[in-house]
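Observations on the model geometry
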Amino acid sequence: MSTFKALATLVSKPKRLNALLSYGHKGYLATIGWFTAFDTHQAVDASGEPLPWVTYSFIDFIKTRLSKDLSIFEYGSGNSTLFYAKRVKRVVSVEHDEAWFNKIVKEKASNAEMIFTHLEKGGEYSKKAALLGEKFDVIIVDGRDRVNCSKNSVEALTPNGVLVLDDSEREIYQEARTFLTEKGFKELPFTGISPGLFYNKATSIFYKAHNCLGI
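All of the points below concern the structure found in this document. (Residues numbered from 1 in each chain as written. Predicted model: local features only at pLDDT ≥ 70, side-chain atom pairs only at ≥ 80, totals over all residues. Heavy atoms only, no water.)

Looking at the pairing of strand 7 (residues 197-207)
For strand 5 (residues 157-166) and strand 7, the ladder comprises four bridges, and the chain directions are antiparallel. Among the inter-strand pairings, Asp166 is bridged to a residue of strand 7, identified as Thr203. Here eight bridges tie strand 6 (residues 186-194) to strand 7, and the two strands are oriented antiparallel to one another. Note that in strand 7 the partner of Thr191 across the bridge is Ala202. Following strand 6, the chain reverses through two residues before pairing antiparallel with strand 7; Gly196 in that reversal takes a positive phi of roughly 75°. (Pairing = 2+ DSSP bridges. Helix = DSSP H or I, 4+ residues; strand = E, 2+ residues; numbered from the N terminus.)

A word on the packing of aromatic side chains
Enumeration according to the criterion identifies 10 aromatic pairs in this entry. Ring geometry for Phe61 against Phe190: centres 4.9 Å apart, planes inclined by 40°, an arrangement best described as tilted. Taken together, the residues Phe61 in helix 5 (residues 56-62) and Phe190 in strand 6 connect sequence positions 129 residues apart. The pair formed by Phe61 and Phe190 is uniform in burial state, with each residue classed as buried. Members of the aromatic cluster, connected to one another through ring pairs, are Trp34, Phe35, Phe38 and Phe198. The ring of Phe185 carries Lys208 above its face, with NZ or CZ at 4.6 Å from the centroid. (Phe/Tyr/Trp six-rings, centres within 6.5 Å; stacked < 30°, edge-to-face > 60°. Buried < 20%, exposed > 50% of the residue type's maximum accessible area, 1.4 Å probe, protein only. Lys NZ or Arg CZ within 6 Å of the ring centre and 35° of its normal.)

Notes on the sheet that holds strand 6
The strand order 3-2-1-4-5-7-6 describes an open sheet built from seven strands, whose pairing is mixed. Looking at strand neighbours, the two that pair on one side only are strand 3 (112-116) and strand 6, the edges of this open sheet. Between one strand and the next, the sheet's axes are offset by a mean angle of 15°, whatever the strand orientation. Pairing between strand 1 (residues 71-75) and strand 2 (residues 90-95): five bridges, direction parallel. Bridge pairing links Phe73 to Val92 in strand 2. Set on the sheet, helix 9 (residues 146-153) makes contact with strand 1, strand 4 (136-141) and strand 5; between it and strand 5 the angle comes to about 170°. (Axes fitted to C-alpha atoms, helices over the stretch in contact; angles between N-to-C directions. Contact = heavy atoms within 4.5 Å.)

Rendered as structure tokens:
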């Protein structure tokens, strides 16, 4: 639907327009901070605190399951790094955008390590979690080259570790989903909107029995 048609529809349905206008100061969107995220172009909550740029349903789930006993590796850095660092023992994050890395590395938490790695499909970036020679409880794939990141990260998980794939509804990531399920992982998708964005997407957790999130 074009912008003009959308506006015409709202004008012809005043109750719908009134409801939308009210969401700016009350209701679900205001409560979760969606307008704050939209206005600032950042993944933040209503108080301006950092959030990962994933579905709200996933955020609601994961924040109650994280603990200071867990370690996280993430592909893609930013507000998500700050969000997770507040809730777990350690976060290691790899970033391919050098300008972005140089900006956000100055704001990193004391228990977060940020690594810059050049992006090459199937190269060092996608293998970084495994190349570090340690195991992580949660590996979050929310950067570039996600299929290869998913494939190369399985060996870097602890025995009860889980892998999170953002935008898992996209057809281009179906290969990663298939690979993980063939490796014995079950998929738990969390669908809905994300901070500042208003289209339906999915963030999926891939897990096995007796996992660290108690799924």
